[in-house]
Amino acid sequence: MDSFLEEEEEDEEAPTVVVAGKRRRRSHPAAQAALQPPLHLPFPPPQPVSSNEHKLNFKKSKEACLSYIQDALLQKQWKRAAEFLTCYVESLEKDYSREHIGPSEMIWRIGTEILWHHSQSSMKEFNCFMEQMKTLGVKRYLKVCLEHVFHLLCNGQIDEAYQNLSLAESWRFGEQTAIQDKEMKLIQAYRGLLDYYSWSKQKNILLEQGEDGFSDLAVEQEMHGYFRKAAVNLKEIIKIPGVWDIFVKCYVDLLEFYGDHNEARQVLNEYAYNSKFPANPNAHVYLYQFLKRQREPKKSLISALKILHDIVPSHELMIDFNTMLQKSKKRKKRRLGLEVIFAALDYAGWKENAKAWSCLARQVKQIVVSDKHLDWIKQEWNSRKDWWPAFHFSRYLAKRNWQEDKSLSYEKALVAGILLGKGCKYFKYVSHQGCKAQLKRFRMLKKFVNRHNLVYLKISGPPDSSVQP
């Protein structure tokens, strides 16, 4: 990290830092040179002091230095943070003989953050720093190894990451090995993930060769070797309660490729329904996608999405859920479908989702034409009539939707006309613009809403307590 502490150009006057009675040159952006006065860290100068007084002074100095580091980090002044961290480390080195302090984790975390963002940071220096951190504290050896691996992966150095994982997996240090058992399982899991990556590459090579009518036995054997190594480690980590999305997806992919669909189903069911695992929407997404690939009955698909709806009513799969429910012959499921699409449109991320508005418009239109189940619409609208008009149906949104997506404005105008009547600002603007542009569908829309304007009066009345969901 010392290599980052370069002086600025000669024509710029760098402020000084006084540390333990010594003056240091401090570099920083030129724009700040005239604004910042010399910084004085309150490290006491060397002088005869009592042991207790020294401890107190050192504690204050350390806290002050950490405060400067924190300030630099929050302001993203990485060079300045690096300078203060260097001062901090040097001070600790001078004081180690007097009192044992274990700041290695703090140095590791701060140093890693600085090196990650510093403009002059290089992989060589980052690797050197991480190796030093591994030897500095055995109690967090495997955590440091994991962070090192993540950094290597982010920089595309997959082979180096795999080598580091292999070395970490072979690490042994008495009792510390057993204490860091969870970290060791993560090390093995990420090695399994990289084995899966290698398997996937070999699989793609084999599939390309298959298309050309060729098959390489050596590639196939190598692929199976990666499969065995990946499967062992991935299977172990997903037994432990936790959120293991990437590991589950890769393991299921391996199992499906080799035709072990029963094992894949068992893994996904366990991940989604085992109460020991934390609630995880993705677990139900993966199960639904697997069931869909296996062409399972719609009953199973609906069951998986029902739980997802309860956890995340704004999930993108709610359109699929609504579509399946609307096709059901059971009234209860069609009723649920209306509830699902109304709930999704409560969220800002769905405001301009044309598919969602199309689903709602289609179901509302079916109910109005059949003149059955208007109570369904009424129940959903009662809790929204105070805020949906401003949220979805303002004149401003009518103009913007018309300009950006006429199909979206058509679907929303139909819903707005039924829920708020023909006097609704959104409906009036869109229908007028559509008729002005001589678009037939908008003329039909205007006639439909005018013809069924009484529906607005029926659903806008006071809630009927006798109506059952």
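Residue positions are given per chain, counting from 1 as you read along its sequence in written order. Thresholds applied to this predicted model are a pLDDT of at least 70 for local features of residues and 80 or more for the giving and counting of side-chain atom pairs; totals over whole chains, interfaces and linings are not thresholded and use all residues. Side-chain calculation: all heavy atoms of the structure are included, whereas hydrogens and water are not.

The chain goes by TATA-box binding protein associated factor, RNA polymerase I subunit A in an unreviewed UniProt entry, where it is assigned to Zosterops lateralis melanops.

Visitor: Looking at this model, I keep getting lost on the pattern of salt bridges. Mind explaining?
Guide: Pairing between side chains of opposite charge can happen when the charged atoms of each approach one another. Just to be clear on terms, a salt bridge is a Lys or Arg side-chain nitrogen sitting within 4 Å of an Asp or Glu carboxyl oxygen. In this structure the tally under the stated criterion is 13 salt bridges. In this structure, R80 and D71 form a salt bridge, with 3.2 Å as the shortest nitrogen-oxygen distance. For the exposure calls, accessible area comes from a 1.4 Å probe over protein chains only, and a residue counts as buried if that area is under 20% of its type's maximum, exposed if over 50%, partly exposed in between. Given the relative accessible area of 7%, R80 is considered buried. We classify D71 as partly exposed; its relative accessible area is 30%. One salt bridge in this structure joins K134 and E131, with 3.1 Å as the shortest N-O distance. A residue pair is termed a helical-turn pair when its members lie 3 or 4 positions apart in one helix, as K134 and E131 do in helix α4 (residues 123–136) at 3 residues. Taking relative accessible area as the criterion, K134 reaches 6% and is therefore assigned buried. Note on conventions: DSSP H or I runs of at least 4 residues are helices, E runs of at least 2 residues are strands, and numbering of each starts at the N terminus.

Visitor: Can you help me understand the environment of K229 in this one?
Guide: Positionally, K229 belongs in helix α9 (residues 217–237). For the pair K229 and G192, spaced 37 residues apart in the sequence, the C-alpha separation amounts to 6.5 Å. In what follows, a contact means two residues having at least one pair of non-hydrogen atoms within 4.5 Å. Aside from chain neighbours lying at most four places away, what touches K229 is Y162 and D195.

Visitor: Even after reading the chapter, I still don't get helix α13 (residues 298–311), so can you show me in this structure?
Guide: Three or four residues apart is the spacing at which side chains of an α-helix point the same way, because the helix has 3.6 residues per turn. Helix span is expected to be 1.5 Å times the residue number reduced by one. Across its 14 residues, α13 extends 20 Å between first and last C-alpha, which sits within 8% of the 20 Å expected from 1.5 Å per residue. Burial in α13 covers these residues: L301, I302, A304, L305, L308 and H309. All buried residues of α13 lie within an arc of 165° about the axis, which places them on one face of the element. Counted as exposed and oriented over 90 degrees from the buried face of α13: K299 and D310. Taken from the helix axis, the directions to the C-beta atoms give the arc we talk about.

Visitor: Quick question: what am I supposed to make of a nonpolar patch on the surface here?
Guide: Each patch groups residues whose relative accessible area exceeds 30% and which form no salt bridge, using 9 Å between like charges and 5 Å between nonpolar side chains of Val, Leu, Ile, Met, Phe, Trp and Tyr. In these tables, accessible area is a Shrake-Rupley quantity obtained with a 1.4 Å probe, and a residue counts as shielded only by the protein chains included in the view. On the surface, L207, F257 and Y258 cluster together into a nonpolar patch covering about 260 Å² of accessible area. Here Y258 is to be found in the loop between α10 (245–257) and α11 (261–273).

Visitor: Looking at this structure, I do not really get the nonpolar core. What am I missing?
Guide: Residues belong to a common nonpolar core when they are buried Ala, Val, Leu, Ile, Met, Phe, Trp, Tyr or Cys residues joined through side-chain atoms within 4.5 Å. If you look at the biggest cluster of nonpolar residues, it comprises 105 residues, and the most contacted ones within it are F247, L360, F393 and Y426. Discounting residues that sit within four places of it in the chain, L360 has contacts with L338, I341, F342, L345, W388 and V415. Counting residues in each nonpolar core, the second largest holds 18 residues, with Y88, W108, I110 and I114 among its members.

Visitor: Even after reading the chapter, I still don't get the packing of aromatic side chains, so can you show me in this structure?
Guide: Geometrically, a pair of aromatic rings is defined through the distance of the ring centres and the angle of the planes. In this analysis, rings of Phe, Tyr and Trp, with Trp reduced to its six-membered ring, are considered paired at centre separations within 6.5 Å, and the interplanar angle assigns stacked below 30 degrees, edge-to-face beyond 60, and tilted for intermediate values. Evaluation of the coordinates by the stated rule reveals 20 aromatic pairs. Centroid distance W387 to W388: 6.4 Å. Interplanar angle 85°. Geometry classified as edge-to-face. Residue class for W388 comes out buried when judged on its relative accessible area of 0%. An angle of 70° between the planes, with centres 5.9 Å apart, marks the rings of F393 and Y426 as edge-to-face. Taken together, the positions of F393 in the loop between α18 (388–392) and α19 (395–404) and Y426 in helix α21 (residues 425–436) put the pair 33 residues apart, joining distant regions of the chain. In textbook terms, an aromatic cluster arises when at least three aromatic residues are bridged by ring pairs, as seen for F342, W357, W381, W387, W388, F391, F393 and Y426. The ring of F448 carries K365 above its face, with NZ or CZ at 5.3 Å from the centroid. Our definition puts a charge over a ring when NZ of Lys or CZ of Arg is within 6 Å of the ring centre and also within 35 degrees of the ring normal. Residue placement shows K406 over the ring face of W402; its charged tip is 4.7 Å from the ring centre.

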